[in-house]
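# Coordinates in review
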2 protein chains.
Amino acid sequence: MRMTKLPDLQTAIIISEAGGPEVLQPAQMTLPQPGAHQVLIRVVAAGINRHDCLQRAAGIHHDGNPVPGLEASGVVVALGPGVTELDIGAPVMALLQGGGYAEYALADVALTMPVPEGLSMTEAAAVPEALFTAWWNFFFLMQLRPDEFALMHGGTSGVGHLALQAMSGLGYSVLATCGSADKVAAAKRFGARNAFNYNDTELAMKVLDATGGQGISALLDVSAGAHLDADLEMMAPDGRIAHLSGGGALSVPLKKLMAKRISITGSLLRPLALARKTEVAQMIRRDVWPLLGTQVRPALAAVLPLSDAAQAHREMGKGHHIGKIVLAVSD
Amino acid sequence: MRMTKLPDLQTAIIISEAGGPEVLQPAQMTLPQPGAHQVLIRVVAAGINRHDCLQRAAGIHHDGNPVPGLEASGVVVALGPGVTELDIGAPVMALLQGGGYAEYALADVALTMPVPEGLSMTEAAAVPEALFTAWWNFFFLMQLRPDEFALMHGGTSGVGHLALQAMSGLGYSVLATCGSADKVAAAKRFGARNAFNYNDTELAMKVLDATGGQGISALLDVSAGAHLDADLEMMAPDGRIAHLSGGGALSVPLKKLMAKRISITGSLLRPLALARKTEVAQMIRRDVWPLLGTQVRPALAAVLPLSDAAQAHREMGKGHHIGKIVLAVSD
């Protein structure tokens, strides 16, 4: 293992117990050691995701890591065995297996990418989780093709706003729904071919119109099926719906599913095998990375210091933000 | 159009109105004319399917053809424009777009196959719908791979008993469930790697055990989700469930779907585009046809004359039969 001189201890934010934002507490911890094909990153910024809030509410043991945080930007400070792709000092952004709310975090080198020229380190921290989520769901789980229409419920969310930019930048036709007129307008600015308020009673008809009657072939749902009736109506034959959020039981009318051969599925990104995440990373690196900093740039709704992680979770909970909330950890 | 000398009128069984088996009535009708790439078949035997009973209950306009019947065997008596694959006098079996309960029926030549040497004409009538249903669902909709386990609810049904023979004959590992000990034993004889009573409270555990813990990757459900809790428990990660029967609303626990990335879908064979059915036919012709009459042979639960179509529907309704019920139309 090659490394620079590092402190023995670091400050991290831990989930001290299951509960509200106030259970996020600073703690002194030893630095993690990079294993095979891992790097240690001195964190510059860490992205906040809805998953972190669910993890916090569920408690410390929910995800096997008391430190939340699924993405970060930073500088490589130590290389584990077998790492040849990166050098000490490289500015990177990475999808993490937790641990991002900290001064130092481990990353698999396969899920680590150089920070593109046109992005600040703070912006870079807001990129990985959104792109991995969108790419895994649309291109691997739902196998979206360029001649099909995609739709995202929550077009201004962390995932939504970046996916809209990246997918429309690559020529895909993506529509979005949002919960307010402001967010509808923002989703269009982010590249949505069209955007609608998901409370519109004529939602399905308007979406179908916007696709020239073709319908939606791949739909990413963060609403736990809140709009399923409209969804099934707006779907094209052989359409796929992927769920990102759990909720309770979804009541699925089988005949409607069968009539259009619609499939309903869902997934969690975090427990996905490294080999699969690596495939997703390769596709992102090839297709999206070249657009980052020019056509694709995360919107930062708020940047708060690491010590204000609890406040960041409060902002997430309100849901008024457009884009990403990020923790600034070091310069 | 080339043809032999044919009568002007034929006897067919029509759905005289929506209702019970008694609404199936004989009627005199003109013979249909083969269009491009169609053949006219003098029907020797016609298979009965559950779909026919649903069509009858729903009434004459449900499927656009007052004559039920999705499959038949017979002899080619007229060729439509463009037919070069078959000659007058060829003994064939075919998947039909309705119209099988009749002395003469139209078939698309792409969905018509020669009757294999080892099968009687009556047996041949019981083959097409079951194989097309099984192959479309398992190999196209669910993309079953040879290293995965499949399961069929209803292992002794018309579809089930033939699919078990054909798929196990080709080396696939298929399990089945049935509603009685007799049917469980029959399913094993048909080639199920293992079979269980679907009312067994330990169904999921027993199925998982029978797969060495791997779980089921492709599940064909004719029960409208009656066993969904057990299904989700016995599925492998990335498993697919396909529904053949409508029923009401299926209550799907989203978290369980997401945890294993299970997808739930369904389809109807009849409205599927001809181009797709043709692809299914090509795979069946290549893989299964060579096994027909030796390793794969339909079980005939009952053979009744065309005039007893109502009685055939009564037998279907009871659900005690193992295998197929067939109408004998001519010699």
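Residues numbered from 1 in each chain as written. Chains lettered and ligands numbered in written order. Predicted model: local features only at pLDDT ≥ 70, side-chain atom pairs only at ≥ 80, totals over all residues. Heavy atoms only, no water.

Per an unreviewed UniProt entry, the recorded name for chain A is Putative PIG3 family NAD(P)H quinone oxidoreductase, and the organism is Pacificibacter maritimus.

## Topic: helix 1 (residues 50-58) of chain B
Residues and elements named next belong to chain B. Listed as buried for helix 1 are Asp52, Cys53, Gln55 and Arg56. Along the axis of helix 1, the buried positions cluster into a sector of 160 degrees, meaning they face one direction only. Packed against the buried residues of helix 1 are strand 2 (9-15), strand 3 (24-30), strand 4 (38-47) and helix 10 (309-318). Gly59 sits one or two positions beyond helix 1 and adopts a positive phi of about 110 degrees. (Buried < 20%, exposed > 50% of the residue type's maximum accessible area, 1.4 Å probe, protein only. Helix = DSSP H or I, 4+ residues; strand = E, 2+ residues; numbered from the N terminus. Arc of directions from axis to C-beta. Contact = heavy atoms within 4.5 Å.)

## Remarks on the domain arrangement of chain A
All names here are of chain A. Once the domains are mapped, chain A shows domain 1 (2-125 + 298-328) and domain 2 (130-266). The centre of domain 1, based on its C-alpha atoms, is set 29 Å off from the matching centre of domain 2. The interface of domain 1 with domain 2 comprises twelve residues on the first partner and ten residues on the second. For the domain 1 and domain 2 pair, buried surface summed over both sides reaches about 820 Å², with 70% attributable to carbon and sulfur atoms. Where domain 1 packs against domain 2, one counts zero salt bridges. Applying the counting rule to domain 1 against domain 2 returns three residue pairs in polar contact (both at pLDDT 80 or more). Broken down by class, the residue content of the side of domain 1 that touches domain 2 amounts to six nonpolar, four polar and two charged. (Domains from an automatic or database assignment. Buried area = accessible area lost by both parts, 1.4 Å probe. Salt bridge = Lys/Arg side-chain N within 4 Å of Asp/Glu carboxyl O. Polar contact = N/O pair within 3.5 Å; in protein donor to acceptor, adjacent residues only side chain to side chain. Nonpolar A, V, L, I, M, F, W, Y, C, P; charged D, E, K, R; others polar.)

## Considering the nonpolar core
Residues B:Leu131, B:Phe132, B:Trp135, B:Phe138 and B:Met167 are the most contacted members of the largest nonpolar core, which totals 51 residues. For this core, the secondary-structure elements that each account for two or more residues are strand 6 (91-95), helix 3 (128-141), strand 9 (149-153), helix 4 (158-169), strand 10 (173-178), helix 5 (181-189), strand 12 (216-221) and helix 9 (274-287) of chain B. Per-element accounting of this core gives the leading share, nine residues, to helix 3 of chain B. Inspection of this core shows a minimum of three residues originating in each of domain 1 (2-126 + 298-328) and domain 2 (130-266) of chain B. Counting 50 residues, the second largest nonpolar core, distinct from the first, contains A:Leu144, A:Ala163, A:Cys178 and A:Met283. (Core = buried A, V, L, I, M, F, W, Y, C linked by side-chain atoms within 4.5 Å.)

## Looking at the pairing of strand 6 of chain B
All names here are of chain B. In terms of burial, strand 6 is a largely internal element, four of the five residues being buried. Relative to strand 8 (residues 112-114), strand 6 runs antiparallel, the two being bridged by three bridges. Looking across to strand 8, one finds that Met93 is bridged to Met113. (Pairing = 2+ DSSP bridges.)

## Points about the interface of chain B and chain A
Many descriptions give the size of an interface as the accessible area lost when the pieces come together. Each partner contributes to the interface: chain B provides 29 residues, whereas chain A provides 29 residues. Summed over both sides, the interface between chain B and chain A buries roughly 2,200 Å², with carbon and sulfur atoms accounting for 63% of that surface. Contact with chain A buries surface across chain B, with B:Leu254, B:Met258 and B:Arg261 losing the most and accounting together for 31% of the total. Between the two partners, chain B and chain A, sit two salt bridges. Put simply, the parts of the chain that give the side of chain B that touches chain A at least two residues each are strand 13 (235-243), strand 14 (249-253), helix 8 (254-260) and strand 15 (263-266) of chain B. Grouping the amino acids of the side of chain B that touches chain A by side-chain chemistry returns 15 nonpolar, ten polar and four charged. Alignment of strand 14 (residues 249-253) of chain A against strand 14 of chain B, held across five bridges, turns out to be antiparallel.

## Remarks on helix 9 (residues 274-287) of chain A
Between its first and last C-alpha, helix 9 of chain A extends 20 Å over 14 residues, near the 20 Å set by a 1.5 Å rise per residue. Here helix 9 of chain A has its buried residues at A:Lys277, A:Thr278, A:Val280, A:Ala281, A:Met283 and A:Ile284. (Expected span 1.5 Å × (residues − 1).)

## Focus on the relation of the copies chain B and chain A
Superposing the two chain copies requires a rotation about an axis and a translation along that axis. Mapping chain B onto chain A calls for a rotation angle of 180 degrees and an axial translation of 0.0 Å; the resulting RMSD is 0.0 Å. Expressed as an axis order, the relation between the two copies is that of a two-fold axis. (Least-squares fit on C-alpha atoms with pLDDT ≥ 70 in both.)

## A short note on the packing of helix 3 (residues 128-141) of chain A against helix 4 (residues 158-169) of chain A
Residues and elements named next belong to chain A. Contact geometry of helix 3 with helix 4 gives a least axis separation of 8 Å together with a crossing angle of 65 degrees. Compared by their axis directions, helix 3 and helix 4 come out roughly perpendicular. As helix 3 runs across helix 4, the sense of the crossing is right-handed. For the pair helix 3 and helix 4, the contacting residues are Ala130, Leu131, Thr133, Ala134, Trp135, Phe138 and Phe139 in the first and Gly158, Val159, Leu162, Ala163, Ala166 and Met167 in the second. Split by residue class, the contact of helix 3 with helix 4 holds eleven nonpolar, two polar and no charged. (Axes fitted to C-alpha atoms, helices over the stretch in contact; angles between N-to-C directions. Parallel < 35°, antiparallel > 145°, perpendicular 65-115°, else oblique. Left-handed = near helix turned anticlockwise from the far one by under 90°.)

## A short note on the pairing of strand 4 (residues 38-47) of chain A
Residue and element names in this part refer to chain A. Of all the ten residues making up strand 4, nine are buried; the element is thus mostly covered by neighbouring parts of the structure. Sheet topology places strand 4 next to strand 7 (residues 104-108); five bridges connect them, and they run antiparallel. Counted as the bridge partner of Leu40 is Leu106 from strand 7. With three bridges connecting them, strand 4 and strand 17 (residues 324-328) associate as antiparallel partners. By the bridge assignment for strand 17, Gly47 is matched with Val326.

## Focus on the state of the cysteines
Residues and elements named next belong to chain A. Scanning the model with the defined rule gives zero disulfides over all chains in all. Among the cysteines around Cys53, which has no disulfide bond, Cys178 carries the closest sulfur, lying 19 Å off. Residue classification places Cys53 among the buried residues on the basis of a relative accessible area of 13%. (Disulfide = S-S within 2.5 Å.)

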